[in-house]
Amino acid sequence: DYWQNNGYVIDLGLENVNINILVLNNENTDATYYVGGLSGSGNFITERVYVVGKVEVQNASRSRVGLLSGDSSGSIIKEVYIKGVVINEPKYYGYTGGLIGKSNSSILENIYSTVEITSTGSYVGGIVGQMDSGEISNVYFNGSISSSANYKGSITGYMGNLSKARNLYGEN
């Protein structure tokens, strides 16, 4: 059964989240860091959740960072409010989003984000850094993005592989 491997998070509030990761001496490390206020990485169903806080990753070789989750695959995320700060300064490659760093085949609906994002990563978005093969609708971003990324946008830094989008509003 498909749903056996999913985590369920419904009606949850997380306040004063503060995650700070500084990777020291990672010259010989190829690790990818998955960092989020709720989950580093996962396949989950999330409804009526709010996250307020700060997530920061510095000097990792590669990283996927978001205030909700660093990475999401096949998830259903609805009615989520996020507010705070996301800082992702990877050494080589990174995905940074107010909600999720990188998302694949996920459904995102009714998302409200007021996040300040600072990133030196490659893909930076107010909601999702990179989104592939998913759906995103009824999304509002009113935050700020400070980045020199190759791909950045108020909703997604990059959207590909037949992703569908409706009713998006981004302001920064």
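Scoring rules and cut-offs
Residues numbered from 1 in each chain as written. Predicted model: local features only at pLDDT ≥ 70, side-chain atom pairs only at ≥ 80, totals over all residues. Heavy atoms only, no water. Pairing = 2+ DSSP bridges. Helix = DSSP H or I, 4+ residues; strand = E, 2+ residues; numbered from the N terminus. Axes fitted to C-alpha atoms, helices over the stretch in contact; angles between N-to-C directions. pLDDT = per-residue confidence, 0-100.

Spatially, five strands are ordered S2-S5-S8-S11-S15 in an open sheet, and the strand pairing comes out parallel. With one partner strand each, in any of the chains shown, strand S2 (32–36) and strand S15 (151–153) form the two edges of the open sheet. Geometrically, the sheet is characterised by an average inter-axis angle of 5° between neighbouring strands, direction not taken into account. Pairing of strand S8 (residues 93–97) with strand S11 (residues 123–125), which is carried by three bridges, proceeds in the parallel orientation. Bridge pairing links Thr 96 to Val 124 in S11.

Confidence in the prediction of the protein chain, expressed as mean pLDDT, is 88, and 92% of residues score 70 or more. Within the protein chain, S11 carries the highest mean pLDDT (97), whereas strand S1 (residues 7–22) carries the lowest (79).

Another point: the sheet that holds strand S6 (residues 69–73). What the five strands build is an open sheet, ordered S3-S6-S9-S12-S16; its pairing is parallel. A strand with exactly one partner marks an edge of an open sheet, and here the two such strands are strand S3 (39–42) and strand S16 (156–160). Neighbour-to-neighbour, the strand axes of the sheet open up by a mean angle of 5°, direction not taken into account. Relative to S16, strand S12 (residues 128–132) runs parallel, the two being bridged by four bridges. Looking across to S16, one finds that Asp 132 is bridged to Gly 160.

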